[in-house]
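Residues per chain are reported as follows:
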Amino acid sequence: MLETVHVALPGREYNILIGPGLLAQAGEHVAPFLRRPRVVVISDDTVAALHLESLQIGLANAGITMQALSLPPGEATKSWSQLIRCVDWLLDQKVERNDVVIALGGGVIGDLVGFAAAILRRGVRFIQVPTSLLAQVDSSVGGKTGINASQGKNLVGAFHQPSLVLADTAVLGTLTVRDFLAGYGEVVKYGLLGDAGFFEWLETQGPALASGDMAARIEAVRRSVQMKADIVMRDETEQGERALLNLGHTFGHALEAATGYSDRLMHGEGVAIGCALAFELSARLGLCPQEDPSRVRQHLKQMGMKTDLREIDGDLPDAQTLLALMGQDKKVVGGELRFILARGIGDAFVTGDVPKEAVITLLEEALKS
Ligand code: NAD
């Protein structure tokens, strides 16, 4: 049941292993990367309580010892203060240039710990052990690492590819329904941006996947990761095509900022709502078939996901403020907002050619409905 996706970046190639039971086998997979039988692991409190011991036993099976640090769970941990804490701790552990740091957790831990590894002693190797669906299908692959700034999300960071990714699909079983579905938002994104056949597969297999079908979970992670790996191999530092992976994110990031990166809205929930808005905008601009936005929303709703702004708890700012928040997006070029829009399901493209009035009208109506 073990699948492997290879990321063939010259000089920085690595494997992504996907399947149940990988924590227990961690030692044999990690050992080839070590110069001495010792690793440091950073996790969050929730994941550590559930899975750190399994990782420890898996490493010990190959004679590898580990020291661990656990941080508070949640998006607020992707911060300067927690970055300093990680780096200080890693230095206190006397991590050397040839050692390996392991990130055990969701996208928050992967992004933060990857960035700490990127800057520690000008760069030490790190291994991603993603435990959320979002991290398994997206954030653990491709080498984007970083933290949030008060000015916006992911504004401080570095490209630093992992040396190995161990995606143990059995650990997805301990995710809350909400966390699982937030990750599913990124899975749907892959179908929407570049593979209509995958979206169709999700329309039929999504419910089985959500209720725990292991074969369906492995297949969803494998197809998502393969798509991401293919795009990253063609455009590692996002000079072009990689921006497609941000489908739904321009809207999503603005909503995350508007809700204070709090548990009012998880990243993957923002992405799902953002995908629905991106298809709505594409249809209004005459770019994609009129029936596509409702097909997207129907599938998200079928899965029990948020698709509308009114489903976000609490008040949201007005459309102008949301547009201003989009202006902090990393995709802004020369002050011009860039959107990922679609010619249809499975066919996204990047454009700077979107009238501001169309975005404002869309947001005003979405805020009212
Ligand atoms: P997260 O790391 O906060 O995890 C979500 C919640 O699930 C947390 O409370 C965590 O403790 C819990 N959790 C994780 N694994 C668990 C498990 N197996 N069992 C029980 N609970 C578990 O958030 P996330 O949704 O994984 O990731 C979101 C982050 O990823 C955002 O900061 C986003 O910007 C980033 N991201 C990065 C990239 C990239 O390319 N680097 C891509 C997409 C998203």
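Reading guide: rules and limits
- Residues numbered from 1 in each chain as written.
- Predicted model: local features only at pLDDT ≥ 70, side-chain atom pairs only at ≥ 80, totals over all residues.
- Heavy atoms only, no water.
- Phe/Tyr/Trp six-rings, centres within 6.5 Å; stacked < 30°, edge-to-face > 60°.
- Helix = DSSP H or I, 4+ residues; strand = E, 2+ residues; numbered from the N terminus.
- Buried < 20%, exposed > 50% of the residue type's maximum accessible area, 1.4 Å probe, protein only.
- Lys NZ or Arg CZ within 6 Å of the ring centre and 35° of its normal.
- Pairing = 2+ DSSP bridges.
- Right-handed = clockwise from strand over helix to strand, strands pointing away.
- Domains from an automatic or database assignment.
- Buried area = accessible area lost by both parts, 1.4 Å probe.
- Salt bridge = Lys/Arg side-chain N within 4 Å of Asp/Glu carboxyl O.
- Nonpolar A, V, L, I, M, F, W, Y, C, P; charged D, E, K, R; others polar.

1. Thoughts on the packing of aromatic side chains
Argument step 1. According to the stated counting rule, one finds 2 aromatic pairs in the structure shown.
Argument step 2. Residues F198 and W201 carry aromatic rings whose centres are separated by 5.9 Å and whose planes lie at 20° to one another, so their mutual orientation is stacked. Taken as a pair, F198 and W201 lie in helix α7 (residues 196–210) at a separation of 3 residues, close to a single helical turn.
Argument step 3. Taking relative accessible area as the criterion, F198 reaches 0% and is therefore assigned buried.
Argument step 4. Ring geometry for F251 versus F339: centroids 5.6 Å apart, planes at 50°, classification tilted. Here F251, found in helix α9 (residues 249–258), pairs with F339, found in strand β10 (residues 339–344); they are 88 residues apart in sequence, far enough to count as distant. Residues F251 and F339 agree in their burial class; the two are buried.
Argument step 5. We note K189 situated over the ring of Y190; from NZ or CZ to the ring centre the distance is 5.0 Å.
Argument step 6. One residue, R343, lies across the ring of F349, its end atom 4.2 Å from the ring centre.

2. Brief notes about the pairing of strand β1 (residues 3–7)
Regular strands place side chains that alternate from one sheet face to the opposite one.
Argument step 1. Bridge count between β1 and strand β2 (residues 14–19): 5 bridges; the pairing is antiparallel. Note on β2: the bridge partner recorded for H6 is N15.

3. Brief notes about the pairing of strand β5 (residues 100–105)
Argument step 1. β5 sits mainly inside the fold: 6 of its 6 residues count as buried.
Argument step 2. Burial along β5 is two-sided: V100, I102 and L104 facing one way and V101, A103 and G105 facing the other are all buried.
Argument step 3. Of the pairings in the sheet, the one linking strand β3 (residues 38–44) to β5 comprises 4 bridges and is parallel in character. Bridge pairing in β5 links I42 to A103.
Argument step 4. Summarising the sheet, β5 and strand β6 (residues 125–130) pair through 6 bridges and their orientation is parallel. Paired with I102 across the strands is I127, a residue of β6.
Argument step 5. The parallel pair β5 and β6, bridged by helix α4 (residues 107–119), forms a crossover whose chirality is right-handed.

4. Focus: the domain arrangement of the protein chain
Argument step 1. Each assigned domain of the protein chain is listed here: domain 1 (3–174) and domain 2 (177–368).
Argument step 2. Taking the mean C-alpha position of each, domain 1 and domain 2 sit 26 Å from one another.
Argument step 3. Taken together, the two surfaces of domain 1 and domain 2 that pack against each other cover about 2900 Å², and 68% of this comes from carbon and sulfur.
Argument step 4. The three residues of domain 1 that bury the most area against domain 2 are L133, V137 and K153, which together make up 21% of that side's buried surface.
Argument step 5. Put simply, domain 1 and domain 2 have 5 salt bridges between them.
Argument step 6. Going through the elements one at a time, β1, β2, α5 (133–139) and β8 (152–159) are the ones with two or more residues in the side of domain 1 that touches domain 2.
Argument step 7. The greatest single-element share of the side of domain 1 that touches domain 2, amounting to 6 residues, is contributed by α5.
Argument step 8. Per-class residue counts for the side of domain 1 that touches domain 2 are 15 nonpolar, 11 polar and 6 charged.

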